[in-house]
Amino acid sequence: MARDLKYTRNIGIMAHIDAGKTTTTERILFYTGITHKLGETHDGSATMDWMEQEQERGITITSAAISTQWNYNNEEYKVNIIDTPGHVDFTVEVERSLRILDGAVALFCAVGGVEPQSETVWRQANKYGVPRIGFVNKMDRSGANFFEVVRQVKEVLGANPVPLQIPIGAEETFRGVVDLLDNKAVVWYDDDVLGQRYELEAIPADMVDEVNEWRGKLIEAVAEYDDTLMEKFFDDPDSITPEELIEVTRKAVVDMKIVPMLCGSAFKNKGVQRLLDAVIRYLPSPNDVGEIEGTNPKTDKTESRPHEEDAPFTALAFKIATDPFVGRLAFMRVYSGKLEAGSYVYNTRSEKKERISRLYQMKSNKQMPIESISAGDICAGVGFKDIRTGDTLCDEKHPIVLESMDFPEPVIGISVEPKSQKDMDKLGTGLSKLAEEDPTFRVHTDQDSGQTVISGMGELHLEIIIDRLKREFKVECNQGRPQVAYKESISQTVDHREVFKKQTGGRGKFADIIVKVGPVDEGKEGLQFNDLVKGGNIPKEYIPSVQKGFQNAMQNGVLAGFPVENLKVELLDGSFHPVDSDQLSFEICARQAFKTACAKAKPTLLEPIMRVEVVTPEEYMGDIIGDFNKRRGQVEGMESKAGARVVKARVPLSEMFGYVTALRTISSGRATSSMEFSHYEEVSKAIATEVVKEAKGKVELL
C-alpha cells in the first residue's frame, strides 16, 4: 500500500560546530525508538557519528541519513533525518544535503548564539529555498539566553524569528518551556533522567505577563501572513483558535516568511519531543514543496515532475559512500515515480543505463534492504558502475536533468607519496574512491615534479583524508607541507599577433591570429571569448579551436603555472593557408598567443583570503589582534557576545597554517576560532616573487 506523502518529512539538522546537532539527533533516535540507549558524542558512542575519526574527534564529518517514525496526533509519520557536519571544511556535505531536503532544523547554542558557520548554512538554506525551524539548544548552560539568540537570528541572519515557546528558568534552573500556542507550561522532571515524561501544567504565576506579551507577538506575526486571521486579530484576538494558528503558521513557514523558534537542552533530554512535534506540524511534506523542475536533455526545454508514484521515475544522487561490505552506495532522493530493486535507471550525465541490484533504507551506517522506493523518499542503491554526486537518475523514455550542485574550489593542497613501492596501486585506488565520494577533494599529478597532489577545503579536511587512506585502504603515506592554491590574473589589455609555422617533409602547419587579451568584464567569469573576425579571414570551423587553445592554456599561467581563472579574449583577425592550416594548428597557435600576450599584460598572483572569527576572553584581545597584524591580517570588527569578545578579520590562507595551536598558546586555551574561504586577492610584489621562486625554483622578475 503506497504511503500518503503528507505523512513523510525529509529534514536536515544544521548548525555551527558544537551547537549539539549530533546529540539532538541521538535523542530523536532514542525517543522514536530506533535506539534503546542514549549515544553520546563526547564518549564516542553516537549512532550517527559512525566513522572512527568522528568518534575520536567528537565531530561529524559525513552527513549520515536515517529513517525513523514519530507519532503525532495518533498518526504515524515517517521522518528521514540527515545529520550534517558543522565544521567549515565539510561545508559540501551540508550543501548537498540541503539540495534534496524539504525542511531543516537550524540549531543554535543558547550561549554562542549565531556563530559563523550558522551564517554559512543559513545562506545555503536560502539558496535552495529550504524552510526551517530554529531550536535554541544548551539552555542549561551558564550564560544561556534564549531571547538574545532570537534577536541575533533577526539581526545577523535577516530572518523573521517567531518564538513558539519561551523558557521557564535558564542555566541550571531551566526546567521547561511555555508553549505559546497551547498556552500551557511544559515541565520536565529530574526524577525521570531520560526525559520521557513531561507534564502540561498551568503557566507559572510570575510569567503570566511575559507569556501574554510573547503570545500577542506570535499572533500578530502569524496574522500578518493571513488576511482572515488579521481581521479576527483586530476584532478579538482571543477568538483565534490554536488550530487556526497552527495552520497559518505552517503555511508561513513553508513559504519561508517566518522561522518558528523553540528551545531546550538535548543533552539533558528536555525539549526534543516537542521539537519532533514541531517538525511534523510546521515543516513541509514532499507534497507542499511543489513539483521539481528540470531540463529535457533532448529538447532543452524545462519540464516538471509531480511527487507521484505513477509519474516517470526521477531521482538525484546526492552522496556517494564506500561501504566495506556492500561496495559503493549511492544515496538518492526520489522526486517522482517508483523504483524496484533489480531494475534499470538511466543516468543523464553518462548517458548510460545502470542496473540497481539492491535498495536500502538507511540507519546511519547500517542498511535495511527494501524491495522498492517511491516518490518523496530517500534511500541508498547499490550496483552503479559510474555515478557521481549530483547525477540525475531517470526513466530512459522520459529523460530529465535536474539542476546539479556547484561545489567550491579547493584552497589548499599537499603532496603525498606511498611509503613503499607496493602501496603505489593501493594509493591510486584509495584516492580515486575518496574523490568519487567528495566533490571538494581533488587529486592531480604535478607535470613537472611527477608528485601526486591532493587538494581540499582545509587542513582538517586533508588530515581526515590521509587518516582514511591509512584505515580504510591500508596505505601508509608520506606527506609534504601544505601548499596554498594560488591563482593568476592579468591586469592590462594587450594586442598581440601570433603566427605559427612549421614545415616538415610532407604537409606543414600554419595558423595566424590577431587577438586582444585582457581582464574580463565586470560580472563575467571564466573565459570570455568574442569572435570579431570579418570576411572569412579565418574559416568558421577553426574558431572553436582557437577558443579551446586558450581554454586549455588557462590551466597553467605564465608566472608559476598556477591556473588563470578569468580572461577576456577578442579574436580580431588573422589568416590561414588553404593546405597547411587545420584545427590543431590554430589550437597550438592560441596556446602560444596566451603565453606571449599574458607575459606582456602585467600578470599578477592571487591568493585565497580567509574570513576568520575568534571568540576570546577580554584579556587576550590585544595579543590576538597583534598576532593577526603579524599574519598580514585586516581586523574588520570587534563586538561583545555573552561575556566574551568576538574579533573578525580577513587573513591570507598562507599565514594561517597551524593557527589553532598558536591561538591556544596566546589565550591559554580559552579562545576558539573558525575560518572559511572569503575571496581571492592580489599578492604584493615581494611575496609574489617568493612564491614564484618556490614554485619554479628560480626567481623571475614580475
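Reading the values: the criteria
Residues numbered from 1 in each chain as written. Predicted model: local features only at pLDDT ≥ 70, side-chain atom pairs only at ≥ 80, totals over all residues. Heavy atoms only, no water. Phe/Tyr/Trp six-rings, centres within 6.5 Å; stacked < 30°, edge-to-face > 60°. Helix = DSSP H or I, 4+ residues; strand = E, 2+ residues; numbered from the N terminus. Lys NZ or Arg CZ within 6 Å of the ring centre and 35° of its normal. Buried < 20%, exposed > 50% of the residue type's maximum accessible area, 1.4 Å probe, protein only. Contact = heavy atoms within 4.5 Å. Core = buried A, V, L, I, M, F, W, Y, C linked by side-chain atoms within 4.5 Å. Salt bridge = Lys/Arg side-chain N within 4 Å of Asp/Glu carboxyl O. Pairing = 2+ DSSP bridges. Axes fitted to C-alpha atoms, helices over the stretch in contact; angles between N-to-C directions. Parallel < 35°, antiparallel > 145°, perpendicular 65-115°, else oblique. Nonpolar A, V, L, I, M, F, W, Y, C, P; charged D, E, K, R; others polar. pLDDT = per-residue confidence, 0-100. Arc of directions from axis to C-beta. Patch = residues over 30% accessible without salt bridge, like charges linked within 9 Å, V, L, I, M, F, W, Y side chains within 5 Å. Areas by Shrake-Rupley, 256 points an atom, 1.4 Å probe, with all protein chains shown as cover. Lys, Arg positive; Asp, Glu negative; His and termini not counted. Charge placed at Lys NZ, Arg CZ, Asp CG, Glu CD. Polar contact = N/O pair within 3.5 Å; in protein donor to acceptor, adjacent residues only side chain to side chain.

Novice: Report on the packing of aromatic side chains, specifying residues and quantitative values.
Specialist: Within a pair of aromatic rings, the relevant descriptors are the distance that separates the centres and the angle that separates the planes. Scanning all chains against the criterion turns up 13 aromatic pairs. Arranged with centres 4.8 Å apart and planes meeting at 15°, the rings of Phe147 and Trp214 form a pair that is stacked. Of the two residues, Phe147 sits in helix H5 (residues 146–155) while Trp214 sits in helix H6 (residues 208–223), which places them 67 residues apart along the sequence. Pairwise contacts between aromatic rings join Tyr7, Tyr72 and Tyr77 into one cluster. Over the ring of Trp214 we find Lys217; its NZ or CZ atom is 4.0 Å from the centre of that ring.

Novice: Which residues make up the environment of Lys433, and what are the values?
Specialist: Relative to the helices and strands, Lys433 resides in helix H11 (residues 424–437). Overall, Lys433 belongs to the partly exposed group, its relative accessible area being 33%. Aside from chain neighbours lying at most four places away, what touches Lys433 is Thr322 and Phe473.

Novice: I'd love a proper account of the nonpolar core, names of residues and values included.
Specialist: Judged by nonpolar contacts, the single largest core of 84 residues is most densely connected at Val105, Phe108 and Ile133. Core analysis: the second largest hydrophobic core is formed by 42 residues, Ile414, Phe441, Ile454 and Val692 among them.

Novice: If you had to explain the pattern of salt bridges to someone new, which residues and values would you point to?
Specialist: Overall, the coordinates contain 38 salt bridges when judged by the stated rule. The partner of Glu565 in a salt bridge is Lys487, with the nearest N and O atoms 3.0 Å apart. Placement of the pair is Glu565 in the loop between helix H13 (543–553) and strand S34 (567–575) and Lys487 in strand S30 (residues 487–490), with a sequence separation of 78 residues. Within this structure, Arg123, Arg611 and Glu676 form a network of salt bridges that share partners.

Novice: Account for the sheet that holds strand S33 (residues 527–531), naming residues and giving values.
Specialist: Whether parallel or antiparallel, the strands of a sheet pair through hydrogen bonds between backbone atoms. Taken together, the four strands give an open sheet; going across it, the order is S31-S32-S34-S33, and neighbouring strands pair in mixed fashion. Edge positions in the sheet fall to strand S31 (494–502) and S33, since each has one partner strand and no second. Each strand of the sheet is rotated relative to its neighbour by a mean of 25°, with strand direction disregarded. As judged from the seven bridges shared by strand S32 (residues 509–518) and S34, these two strands associate in the antiparallel manner. Paired with Asp512 across the two strands is Ser575, which belongs to S34. Contacting S32, S33 and S34, H13 crosses the sheet at an angle of about 155° to S33.

Novice: Explain the packing of H6 against helix H7 (residues 227–235) to me, using residue names and the numbers behind them.
Specialist: Across the interface, H6 lies against H7 with an axial gap of 8 Å and an inter-helix angle of 140°. The angle between the axes of H6 and H7 places the two elements in the oblique class. Here H6 contributes Gly216, Ile219, Glu220, Val222 and Ala223 to the contact with H7, which in turn contributes Leu229, Met230 and Phe233. Tallied by class, the residues present in the contact of H6 with H7 amount to six nonpolar, one polar and one charged.

Novice: Describe in detail the sheet that holds strand S12 (residues 292–295), supporting the description with residues and values.
Specialist: Pairing within the open sheet is antiparallel, and its three strands lie in the order S13-S12-S24. Unpaired on one side and paired on the other, strand S13 (302–305) and strand S24 (401–402) mark the two borders of the sheet.

Novice: Report on unusual backbone geometry, specifying residues and quantitative values.
Specialist: You will see that Asn183, though not glycine, has its phi angle at about 55°, which is positive. With respect to the secondary-structure elements, Asn183 resides in the loop between strand S8 (176–179) and strand S9 (184–188). In this model, Ser668 sits at a positive phi of 50°, which is unusual for a non-glycine residue. With respect to the secondary-structure elements, Ser668 resides in the loop between helix H16 (659–666) and strand S38 (672–682).

Novice: Residues and numbers for the pairing of strand S4 (residues 103–109), please.
Specialist: Within a regular strand, side chains alternate between the sheet's two faces. Of all seven residues making up S4, seven are buried, and the element is well covered by its neighbours. Two elements, strand S1 (residues 8–14) and S4, share four bridges in a ladder whose sense is parallel. Counterpart to Ile11 in the pairing with S4 is Gly103.

Novice: Any chance you could break down the confidence of the model for the chain for me, citing the residues and the numbers?
Specialist: For residues with low pLDDT, the predicted coordinates do not support detailed interpretation. For the chain, the average pLDDT comes to 84, and 90% of its residues sit at 70 or higher. In this model residues 45–51 is a low-confidence stretch, pLDDT under 50, and it forms 38 contacts with partners more than four residues away in sequence or in other chains.

Novice: Pulling in residues and values, what's your account of H13?
Specialist: Working note: α-helix, 3.6 residues per turn, so residues spaced by three or four point in the same direction. Listed as buried for H13 are Ile543, Ser545, Val546, Gly549, Phe550 and Ala553. Seen from one end, H13 has its buried residues packed into an arc of 165°, which puts them on one side. In the core, the buried residues of H13 are packed alongside S32, S33, S34 and helix H14 (583–600).

Novice: How would you explain a negative patch on the surface if you had to name every residue and give the values?
Specialist: Together, Asp227, Glu231, Asp235, Asp236 and Asp238 make up a region of like negative charge exposed at the surface. On the secondary structure map, Asp238 appears in the loop between H7 and helix H8 (242–254). With relative accessibility at 71%, the residue Asp238 sits in the exposed group.

Novice: Which residues make up the environment of Glu309, and what are the values?
Specialist: With respect to the secondary-structure elements, Glu309 resides in the loop between S13 and strand S14 (314–323). Sequence separation of Glu309 and Val334 is 25 residues, and the distance between their C-alpha atoms is 9.9 Å. For Glu309, the side chain forms a polar contact with the side chain of Ser374, separated by 3.0 Å.

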